[in-house]
Amino acid sequence: MTTPKTQFSTPEPPTPSLWVAVFSLTMGVFSLVMAEFLPASLLTPMADSLAISEGQAGQAVTVTAVVALLSGLLVTSVTQRLDRRHVLLGFSVLMIAANLVVAFAPHLAWLLVGRVLLGVALGGFWALSAATVMRLVSEHDVPRALSLLFTGVPIATISAAALGSYLGDMIGWRNVFLLATALSIVTLVLQYFTLPRMEPGRPTPLGTLVSVMKRPGMAAGIVAILLVFCGHFAFFTYVRPFLEGVSRMGINELSSTLLAFGVANFIGTLAAGYLLERSLRLTLLMMPLIMGVMGWLLATLGGFSMTTDAIMVALWGFAFGAVPVAWSTWITRIVPDEAESGGGLIVASIQLAIALGAAVGGVMFDISGVLGVCATAGTLLLAASALILVAVRTRPEAAADRDAVATSCQ
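These figures come from a predicted structure and were not determined experimentally.

Definitions and limits used
Residues numbered from 1 in each chain as written. Predicted model: local features only at pLDDT ≥ 70, side-chain atom pairs only at ≥ 80, totals over all residues. Heavy atoms only, no water. Helix = DSSP H or I, 4+ residues; strand = E, 2+ residues; numbered from the N terminus. Buried < 20%, exposed > 50% of the residue type's maximum accessible area, 1.4 Å probe, protein only. Contact = heavy atoms within 4.5 Å. Patch = residues over 30% accessible without salt bridge, like charges linked within 9 Å, V, L, I, M, F, W, Y side chains within 5 Å. Areas by Shrake-Rupley, 256 points an atom, 1.4 Å probe, with all protein chains shown as cover. Salt bridge = Lys/Arg side-chain N within 4 Å of Asp/Glu carboxyl O. Axes fitted to C-alpha atoms, helices over the stretch in contact; angles between N-to-C directions. Parallel < 35°, antiparallel > 145°, perpendicular 65-115°, else oblique. Left-handed = near helix turned anticlockwise from the far one by under 90°. Nonpolar A, V, L, I, M, F, W, Y, C, P; charged D, E, K, R; others polar. Core = buried A, V, L, I, M, F, W, Y, C linked by side-chain atoms within 4.5 Å. Expected span 1.5 Å × (residues − 1). Phe/Tyr/Trp six-rings, centres within 6.5 Å; stacked < 30°, edge-to-face > 60°. Arc of directions from axis to C-beta.

Draft legend 1. Examining the overall build of the chain more closely. For the chain, the count of helices and strands is 16 helices and zero strands. Of all 410 residues assigned to the chain, the portion counted as buried reaches 51%. In the chain, of all internal contacts separated by at least 6 residues, the share reaching a separation of at least 24 is 87%.

This is the structure we're talking about:
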């Protein structure tokens, strides 16, 4: 009996040149995440220029996240008959348009239009990213390729926070978005010359999302993703009040600690490829476990020493660096024939978790202060580790059953 080919199997082994295509996707990640978080560092000058409140300007981030959630769920079915190369290039074009609309926005309505366009590109790109990597490199190299892909996230996050505010003061926030536009154009050109044709597989109607969600292990995995990202963003949203109020850090110590978090996050992302090649399950389990322990240590020992607090925050950053890579690898293993739909579910779950994490953190902050936020985040992450240990599969059911039969016959 022949084994059916998956939707994303390739007729020939990937060539070394396709690693350049993976790098072009990394550039896409960097450009998209940079554009996503720029408003956070430019909020005050944007609000002043557009004659709106900072709260209204902050909706530029919110609307992008909401649209990205919907885009991630719908992209596979809406683009089911289109060459994936054309779809990815289309998202880069949307990113360019989004940055231009924001740069020249005369008022709030046009600002939100630009951020909606960015949300479509962001959610769609993330939903297709893991499945695209599967088509560019061999199965053995998928974790390393995803690790390369996700290095764009910490670099973009640091750049958006540091360079965004610095350049905004020097050249104005509109010119910062024009620079982001130039970066997006470079990304588009690189992708145009490196991404190969990738014909779509069989049609994937919207109902595929439901069928994928019903597969063994998927529901537990999605719940675990919600717990991990909710716990992380509950803490990360309020990390500055913790460092200022509990650790009593001044601006120099605060900046150094946040930089250490970003660098550690980058190192964790790079290390994820090697960790995942050795054990996907152990990586999925250990990263939220480390973060959960750090959460409770910060809640109970926080403020004892600035250095100790900074080290624990950096360790949190290192552990979280491997988390997105690990879960993207997981979806390529658990549903290899529906990696695009699975990627859409992950994107939607993460965007929902970001919103829930900030909300849960806010409630706990009002009830018990920032130490309560740390304890709550730690509890959510430890719960995620327990769920991963007892319920999350790392292989499709058929593969797991074959291994069980083989073991019983020995």
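Draft legend 2. Expanded view of a nonpolar patch on the surface. A grouping of Leu 282, Met 286, Leu 289, Val 293, Trp 296 and Leu 382 is seen on the molecular surface, where their side chains present a nonpolar patch of about 460 Å² in accessible area. Relative to the assigned elements, Trp 296 resides in helix H13 (residues 280-301).

Draft legend 3. Examining the packing of helix H4 (residues 84-103) against helix H8 (residues 173-194) more closely. Viewed as axis vectors pointing N to C, H4 and H8 meet at an angle of 165°, and their least axial separation amounts to 8 Å. Accordingly, the angle class assigned to the pair H4 and H8 is roughly antiparallel. Classified by chirality, the crossing of H8 by H4 is left-handed. For the pair H4 and H8, contact is made by Arg 85, Leu 88, Leu 89, Ser 92, Val 93, Met 95, Ile 96, Asn 99, Leu 100, Val 102 and Ala 103 and by Trp 173, Arg 174, Phe 177, Leu 178, Ala 180, Thr 181, Ser 184, Ile 185, Thr 187, Leu 188, Gln 191 and Tyr 192, respectively. Among the residues making up the contact of H4 with H8, the classes are represented as 15 nonpolar, six polar and two charged.

Draft legend 4. A look at the environment of Ala 391. On the secondary structure map, Ala 391 appears in helix H15 (residues 339-391). Sequence separation of Ala 391 and Ala 219 is 172 residues, and the distance between their C-alpha atoms is 9.5 Å.

Draft legend 5. Just the nonpolar core, in detail. Within the largest apolar cluster, 114 residues are counted, with the highest numbers of intra-cluster contacts made by Met 218, Phe 229, Trp 316, Trp 327 and Trp 330. Excluding residues that lie within four positions of it along the chain, Phe 229 makes contacts with Phe 320, Val 323, Pro 324, Trp 327, Ile 350 and Ala 353.

Draft legend 6. Spotlight on the environment of Met 27. Among the secondary structure elements, Met 27 is positioned in helix H1 (residues 18-41). Residue Met 27 is classed as buried on the basis of its relative accessible area, which comes to 15%. As for Met 27 and Leu 183, which are separated by 156 residues in sequence, their C-alpha atoms are 8.8 Å apart. In this structure Met 27 touches Leu 183, Val 186, Thr 187 and Leu 190, once residues within four positions along its chain are discounted.

Draft legend 7. How the structure looks around helix H10 (residues 218-236). Look at H10: 27 Å from first C-alpha to last across 19 residues, which is about the 27 Å you get at 1.5 Å a residue. Of all 19 residues that make up H10, 14 are buried, and the element is covered over most of its length.

Draft legend 8. Focus on the pattern of salt bridges. Going through the model one piece at a time under the given rule, you end up with two salt bridges. With a closest N to O distance of 3.7 Å, Arg 197 and Asp 83 form a salt bridge. One end of the pair, Arg 197, is in the loop between H8 and helix H9 (207-213); the other, Asp 83, is in the loop between helix H3 (54-78) and H4, and 114 residues separate them in sequence. Arg 197 sits in the exposed class, given a relative accessible area of 56%.

Draft legend 9. Just the packing of aromatic side chains, in detail. Counting across every chain of the model gives seven aromatic pairs. Measuring from ring centre to ring centre gives 6.1 Å for Phe 125 and Trp 126, while their planes differ by 75°; the resulting arrangement is edge-to-face. With 5.2 Å between their ring centres and 80° between their planes, Trp 327 and Trp 330 make a pair best called edge-to-face. One end of the pair is Trp 327 and the other is Trp 330, both in helix H14 (residues 306-334) and three residues apart, which spans about a single turn.

Draft legend 10. Structural detail: the side chain of Ser 24. Position of Ser 24 among the secondary structure elements: in helix H1. Non-local contacts of Ser 24, meaning those with residues more than four positions away in its chain, are made with Thr 187, Leu 190, Gln 191, Thr 194 and Leu 195.

Draft legend 11. Region of the structure containing the packing of H13 against H14. Contact geometry of H13 with H14 gives a least axis separation of 8 Å together with a crossing angle of 150°. Regarding the angle of H13 to H14, the classification is roughly antiparallel. Where H13 crosses over H14, the handedness of that crossing is left-handed. Tallied by class, residues from the contact of H13 with H14 come to 19 nonpolar, three polar and two charged.

Draft legend 12. Structural detail: the environment of Gly 172. With respect to the secondary-structure elements, Gly 172 resides in the loop between helix H7 (152-171) and H8. Gly 172 sits 127 residues away from Pro 45 along the chain, and the two C-alpha atoms are 7.9 Å apart.

Draft legend 13. Quick peek at the side chain of Ser 349. Relative to the helices and strands, Ser 349 is located in helix H15. In this structure, Ser 349 is in contact with Ile 222, Ile 225 and Leu 226, ignoring residues within four places of it in sequence.

Draft legend 14. Molecular detail of H8. If you check H8, its first and last C-alpha atoms are 32 Å apart, about what 22 residues at 1.5 Å a residue would give, namely 32 Å. For H8, the set of buried residues is Trp 173, Val 176, Phe 177, Ala 180, Thr 181, Ser 184, Thr 187, Gln 191 and Thr 194. With its buried residues spanning 160° around the axis, H8 presents them on a single face.

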